[in-house]
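# A structural walkthrough
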Amino acid sequence: MDSTILRFDNLTLGYDRHPAVHHLDYAIRAGALVAVVGPNGAGKSTLLKGTIGSLAPLGGAIRLTGIDPSEIAYLPQQAEIDWSFPISVFDVVAMGLWRQRGASRRFGREGDRMVGEALDTVGLGGFERRPIGTLSGGQMQRALFARLLLQDARLILLDEPFTAIDSATVRDLKGLIRRWHRERRTVVAVLHDLDQVRSEFPETLLLAREQIAAGPTEDVLSPANLDHARRLTEAFDEGAAVCVR
């Protein structure tokens, strides 16, 4: 039986003491491939930020089993990244080696080789010296996935990894997620496109500030559950958008 790697025990997260996710009880098995879905304002990104420790619980707890926080890799939404920062593609990807080598150590030839291989894997070979500000949205996401490759993490958290990128990049990045799943890494991804969820993610957590349903994707994404999530979120935010059906 697979062991639990991440557990939310009666978890409440929020901002300025206003809950964004409340009283969540949910466990994720090691090696699971899980989508987190729900309308805008449902608390999905908040849940990931709590998991990486950037947001302290207002109540309850987030528990890791058999894994150190340093073994978590996190991909934020592209909108949260400062593309104007003067840094090269090489340096962005090389950040994935810091856990193994330390931020103050030079990477040397072996580090250069690892960065080059990661860039080749995501289709960005030869982009090492390009400033990140010159990349398209799809190229930037490929570079960030290359960084994730080098982090060699056991738990990978992805916040809207396929938003505003081209279809070829989406296809290639889905392939990397499948690879991580085959390697028995645990992947948790916030997604809006439910067709992508149904085709790629066996398990789903449906949120609307609280847990609406969790388990096998086809069971969770029932019309009744989706409608309940929409109505519950609209009670807090009349402008909440509905997931793509």
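Below is a summary of the structure that appears in this document. This one's a predicted model, so the numbers in the text were calculated from it and none came from an experiment.

Further remarks concern the nonpolar core. Generally speaking, nonpolar side chains in soluble globular proteins are found buried as a group. Ranked by internal contacts, the top residues of the largest apolar core, which has 52 residues, are Val93, Phe145, Leu158 and Ile177. With 8 residues, helix 5 (residues 137-151) is the single largest residue contributor to this core. A domain-level breakdown of this core finds at least three residues from each of domain 1 (1-67 + 154-245) and domain 2 (81-152). The contact partners of isoleucine 177, leaving out residues within four places of it in the chain, are Leu33, Phe145, Leu158, Phe162, Val187 and Phe201.

Taking burial as the measure, the 5 residues of strand 7 (residues 186-190) include 5 buried ones, the bulk of the element. Residues Thr186, Val188 and Val190 line one face of strand 7 and the alternating positions Val187 and Ala189 line the opposite face, and both faces are buried. Examined bridge by bridge, strand 6 (residues 155-159) and strand 7 share 5 bridges and lie parallel to one another. The partner of isoleucine 156 across the bridge, within strand 7, is valine 187. Taking the sense of rotation as the criterion, the β-α-β connection linking strand 6, helix 6 (residues 167-182) and strand 7 turns out right-handed.

Each regular strand carries side chains that alternate between the two faces of the sheet. With 5 of 5 residues buried, strand 8 (residues 203-207) lies mostly within the body of the structure. In the sheet, strand 3 (residues 33-37) pairs with strand 8 via 4 bridges, with the strands oriented parallel. Looking at strand 8, one finds that alanine 35 is bridged to threonine 204. By the bridge criterion, 5 bridges tie strand 8 to strand 9 (residues 211-216) in an arrangement that is antiparallel.

What follows concerns the pattern of salt bridges. Here the structure, examined in full by the defined rule, presents 15 salt bridges. A salt bridge links glutamate 200 to arginine 178; its shortest N-O distance comes to 2.8 Å. With glutamate 200 in helix 7 (residues 194-200) and arginine 178 in helix 6, this pair connects stretches of sequence that are 22 residues apart. For glutamate 200, a relative accessible area of 18% translates into the label buried. Of the charged contacts, one joins glutamate 183 and arginine 185 as a salt bridge, the two residues approaching to 2.8 Å between their closest N and O atoms.

So, on to helix 4 (residues 108-121). Between its terminal C-alpha atoms helix 4 stretches 20 Å, which fits the 20 Å expected from 14 residues at 1.5 Å a residue. Within the sequence span of helix 4, burial applies to Gly111, Val115, Gly116, Ala118 and Leu119. With its buried residues spanning 160° around the axis, helix 4 presents them on a single face. Of the exposed residues in helix 4, the ones pointing more than 90 degrees away from its buried face are Arg109 and Asp120. Phi for glycine 123, located one or two positions after helix 4, is positive at around 85°.

A few words on the packing of helix 5 against helix 6. Running from amino to carboxyl end, helix 5 crosses helix 6 at an angle of 15°, the nearest separation of the two axes being 10 Å. Between helix 5 and helix 6, the angle falls in the class roughly parallel. The crossing of helix 5 and helix 6 is left-handed. In this structure, helix 5 contributes Gly138, Gln141, Arg142, Phe145, Leu148 and Leu149 to the contact, and helix 6 contributes Ala168, Thr169, Asp172, Leu173, Leu176, Ile177, Arg179 and Trp180. For the contact of helix 5 with helix 6, a count of residues per class yields 8 nonpolar, 3 polar and 3 charged.

Parameters and conventions
Along each chain, the written sequence defines residue order, and numbers are assigned to residues from 1. Local features in a predicted model are, by the rule used here, given only for residues with pLDDT of at least 70; side-chain atom pairs are given and counted only at 80 or more, and totals for whole chains, interfaces and linings are based on all residues. No hydrogens and no water enter the side-chain calculation; it runs on all heavy atoms of the structure. Nonpolar core, defined: a set of buried Ala, Val, Leu, Ile, Met, Phe, Trp, Tyr and Cys residues in which side-chain atoms within 4.5 Å join the residues together. For every residue, the accessible area obtained with a 1.4 Å probe (protein chains only) is divided by the maximum for its type, and the residue is called buried under 20%, exposed over 50%, and partly exposed between those limits. Think of it this way: any DSSP run of H or I at least four residues long counts as a helix, any run of E at least two long counts as a strand, and we number them from the N terminus. Domain delimitation in this document rests on an assignment produced automatically or drawn from a domain database. Two residues qualify as a contact provided that any one of their heavy atoms is within 4.5 Å of a heavy atom in the partner residue. Strands are labelled as partners when DSSP assigns at least two bridges between them. If you view a crossover with the strands going away from you and the path from the first strand over the helix to the second runs clockwise, you call it right-handed. Note on definitions: salt bridges are taken to be side-chain nitrogens of Lys or Arg within 4 Å of carboxyl oxygens of Asp or Glu. The span you would expect from a helix comes to 1.5 Å times its residue count less one. Arc definition: it is the arc formed by the directions from the helix axis to the C-beta atoms. Note on method: axes are straight lines fitted to C-alpha atoms, helices fitted across the in-contact stretch only, with angles between N-to-C directions ranging 0 to 180 degrees. Note on angle classes: values under 35 degrees are labelled roughly parallel, values over 145 roughly antiparallel, values of 65 to 115 roughly perpendicular, and the remainder oblique. Two helices cross in a left-handed way if the nearer one is turned anticlockwise from the farther one by less than a right angle. They cross in a right-handed way if the turn is clockwise. For this classification, the nonpolar set comprises Ala, Val, Leu, Ile, Met, Phe, Trp, Tyr, Cys and Pro, the charged set comprises Asp, Glu, Lys and Arg, and every other residue, Gly included, is treated as polar.

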